[in-house]
Amino acid sequence: MSPAPATALDPALQPSSRRLGDLLVERQLATRADIGKALAFQQQFGGRIGSILVRLGALSEESLLPVLSEQLGMPMLDGAEWPADSAALHDVAEASGLVPDWWVDNGVAGWKSPEGEVLVVARDPLDPTLDEILGRRLAPGWQWRLARNQDLDRLLDLAARAERGGDEAGDDDVSHLRELAEEAPVIELVNNVLAQAMDQRASDIHIEPEDQVFHVRLRIDGILHTRLTLPMSRYPAVASRVKLISGMDIAERRLPQDGRLSTRVSGQEVDIRASSVPAVHGESLVLRLLPKERQDLSLENLGFTTRDLGMFRGWAREPHGIVLVTGPTGSGKSTTLYGTLEEMNQRDRKIITVEDPVEYQVQGVTQIQANADIGYSFARALRAILRQDPDVIMIGEIRDLETAEIAVQSALTGHLVLSTLHTNDAVSAFTRLVDMGLEPFLVATSVRAVQAQRLVRRVCPDCCEPASVLPGVERLVTPVLDAGAPAPNWVRAVGCPRCRGTGYRGRLGIYELVDVTPEMQELVLESATAEKMRQLADAQGGRTLRQDGLLKARQGLTTVDEVVRVTGGIAADA
């Protein structure tokens, strides 16, 4: 006889009679349209409404489980309840009299908690057949727990390896890999990783194989965090799934590949750029997440001080010339340029961009995707768009002499050109262009302004604490303080649940702006050293990246440690 459901639930939690869809809509985790699509899918193909919503990309499993726990009166698996080893799983399986394959095949795992209770997780804990079988086989007092699919997979892998004695069998057959990539657990794992990355505001997902395991790491606010470690036996299926959905060849594992897909993840439309590079233990996979709707593209949200924002906006209103944004990869250059385009896009000027790839789509702007594979390079695209009567041209990056020459030609013939360049600071942009092969007089007459930038993490406002700083730090920031600046508010990072223990949440830019004045033009014409240009910029009131970062640390927006991490060491007696 099947036990009443209450025997397998925590008596401290009471199930709710409300429908899951209503609870999700009430908490603004899903829309009525999402629920309607999921119900239509359920009617045609079956399945649980929550799993369907996750699979459709309406929300993440992380968001679903707390609501499901409330509705079912079923507690979520706590980290302290995790089994100590595979023996704990084996003992419960053996005591139940059910063969080990039954547990793995039905997606069920059970073990004893430190308090002696039998805890059970399953792919579908609402399956009445499972409830009936486990009710007959397990001792009274066993409890259901809700677990993430990736946690359940880890438990099932642990149990399976214990039964096999740790032997791992590989299968490189392409058709078999394709079948593995289409299996529901693999699809759910990849979808959950994507959803978790979106929920945590990650910019990149790294899937990195090692000898015995592979890691899934998320780049959040510029720092990599390990979020998942799984045995290598699961890696071929996961890698094949990523390559399949991003349009790569799953049979090719010896050469680098690039792929791309557009999908809906955690309720947001997102473009994903995938890269695969063969390594010693398998292919290293990196996925760049590019949400199609960005709320932070306004220049006001990027971290500019009032003075710097006014300067940059003034440059963007110039009728002609080149405005360069410099910095290493991942320093926010593209975001700054897109924010500038959004602000300039008043429908009174023709704006054309040449990019590789087009990261964000801006309404009212003609955006061109360069494609070197078919000979459609930046230079070729630029020659074509000069015949399109543009007012503003945005070039994704000045990479070579030919592109630089066309940018200069465009600036000298009445166009405003926005572009990026890879240099360490602002004044190095001039020598970089000359090194490319441009004549100094062309650089001096065409470049209107240069901005260098980096990204620092914002300190978490919920857990930061007041801090003191060395006298040398105070001396560095004093010369760039504006008149009437508020009292210093130096803070340090601590860590709390809202920032996941990191002490930081979000990022802001630090900037170095160099206006090309007649005096700076003279130095460029003379091919002066970067040090002389730096001295002139300082004399004209410029701030270095470090000084701008410390200015924001003084305001309590970030920490001195974070500024040091991004810009380099600071001498105590500076």
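Residues numbered from 1 in each chain as written. Predicted model: local features only at pLDDT ≥ 70, side-chain atom pairs only at ≥ 80, totals over all residues. Heavy atoms only, no water.

## Thoughts on the overall build of the chain
For step 1, the next point in the chain: From N to C terminus, the chain includes 22 helices and 18 strands.
For step 2, the next point in the chain: In terms of principal-axis extent, the alpha carbons of the chain reach across some 90 × 55 × 45 Å.
For step 3, the next point in the chain: Relative to its 574 residues, the chain shows a buried fraction of 49%.
For step 4, the next point in the chain: Accessible surface computed for the chain: about 26800 Å², of which carbon and sulfur atoms make up 49%. (Helix = DSSP H or I, 4+ residues; strand = E, 2+ residues; numbered from the N terminus. Buried < 20%, exposed > 50% of the residue type's maximum accessible area, 1.4 Å probe, protein only. Areas by Shrake-Rupley, 256 points an atom, 1.4 Å probe, with all protein chains shown as cover.)

## What about the pairing of strand 7 (residues 257-265)?
For step 1, the next point in the chain: Pairing of strand 7 with strand 8 (residues 268-279) involves nine bridges; the strand directions are antiparallel. Residue pairing for strand 8: Val265 is matched across the bridge by Gln268. (Pairing = 2+ DSSP bridges.)

## Considering the confidence of the model for the chain
Segments scoring low in pLDDT should not have their predicted coordinates read at a detailed level.
For step 1, the next point in the chain: Looking at the chain as a whole, the pLDDT averages 86, with 93% of positions reaching at least 70.
For step 2, the next point in the chain: The low-confidence segment residues 1-11, where pLDDT is below 50, has 21 contacts with residues more than four positions distant or belonging to other chains.
For step 3, the next point in the chain: Low pLDDT (under 50) marks residues 166-171, which in the prediction has five contacts with non-local residues, meaning those over four places away or in another chain. (pLDDT = per-residue confidence, 0-100. Contact = heavy atoms within 4.5 Å.)

## Comments concerning the domain arrangement of the chain
For step 1, the next point in the chain: Considered domain by domain, the chain is made up of domain 1 (20-163), domain 2 (183-291) and domain 3 (299-457 + 507-543).
For step 2, the next point in the chain: Domain 1 and domain 2 are separated by 24 Å when their C-alpha centres are compared.
For step 3, the next point in the chain: The interface of domain 1 with domain 2 comprises 19 residues on the first partner and 20 residues on the second.
For step 4, the next point in the chain: Summed over both sides, the interface of domain 1 with domain 2 buries roughly 1500 Å², with 43% coming from carbon and sulfur.
For step 5, the next point in the chain: Joining domain 1 to domain 2, the criterion identifies two salt bridges.
For step 6, the next point in the chain: One salt bridge in this structure joins Asp153 and Arg234, with 3.3 Å as the shortest N-O distance.
For step 7, the next point in the chain: Our count for the domain 1 to domain 2 interface comes out at eight residue pairs in polar contact (both at pLDDT 80 or more).
For step 8, the next point in the chain: Those elements giving two or more residues to the side of domain 1 that touches domain 2 turn out to be helix 3 (49-55), helix 4 (61-72) and helix 8 (149-164).
For step 9, the next point in the chain: Counting residues per element, the side of domain 1 that touches domain 2 draws most heavily on helix 8, which supplies six residues.
For step 10, the next point in the chain: Its residues placed into classes, the side of domain 1 that touches domain 2 shows four nonpolar, five polar and 10 charged. (Domains from an automatic or database assignment. Buried area = accessible area lost by both parts, 1.4 Å probe. Salt bridge = Lys/Arg side-chain N within 4 Å of Asp/Glu carboxyl O. Polar contact = N/O pair within 3.5 Å; in protein donor to acceptor, adjacent residues only side chain to side chain. Nonpolar A, V, L, I, M, F, W, Y, C, P; charged D, E, K, R; others polar.)

## What about the side chain of Thr305?
For step 1, the next point in the chain: Within the secondary structure, Thr305 is located in the loop between strand 9 (282-291) and helix 12 (306-316).
For step 2, the next point in the chain: Its relative accessible area of 12% is what places Thr305 among the buried residues.
For step 3, the next point in the chain: Ignoring any residue separated from it by four or fewer positions in sequence, one finds Thr305 in contact with Arg543, Asp548, Leu551 and Lys552.

## Details of helix 16 (residues 428-436)
For step 1, the next point in the chain: Considered for burial, the residues of helix 16 that qualify are Ser428, Ala429, Phe430, Leu433 and Met436.
For step 2, the next point in the chain: Phi turns positive one or two residues past the end of helix 16, at Gly437, with a value near 125°.

## A closer look at the pattern of salt bridges
For step 1, the next point in the chain: Enumeration over the complete set of coordinates arrives at 39 salt bridges.
For step 2, the next point in the chain: Between Arg498 and Asp462 there is a salt bridge, with the nearest N and O atoms lying 3.1 Å from each other. A residue pair is termed long-range when its members are at least 10 positions apart, and Arg498 in the loop between strand 17 (491-492) and strand 18 (504-515) and Asp462 in the loop between strand 15 (447-459) and strand 16 (465-466) qualify at 36 residues.
For step 3, the next point in the chain: Connected through shared salt-bridge partners, Arg307, Asp308, Arg543, Asp548 and Lys552 make up one network.

## Some thoughts on the sheet that holds strand 10 (residues 321-326)
For step 1, the next point in the chain: Pairing is mixed in the open sheet, where seven strands are placed in the order 12-11-13-14-10-15-18. On the outer flanks of this sheet lie strand 12 (366-369) and strand 18, each paired with one strand and no other. Taken pair by pair, the neighbouring strands of this sheet meet at an average axis angle of 20°, ignoring direction.
For step 2, the next point in the chain: Pairing of strand 15 with strand 18 involves 10 bridges; the strand directions are antiparallel. Residue pairing in the sheet places Gln451 in a bridge with Leu513 of strand 18.
For step 3, the next point in the chain: Lying over the sheet, helix 21 (residues 545-554) contacts strand 15 and strand 18, oriented at roughly 135° with respect to strand 18.
For step 4, the next point in the chain: Across the sheet, helix 22 (residues 560-567) lies against strand 15 and strand 18, angled at about 135° from strand 15, the strand it touches most. (Axes fitted to C-alpha atoms, helices over the stretch in contact; angles between N-to-C directions.)

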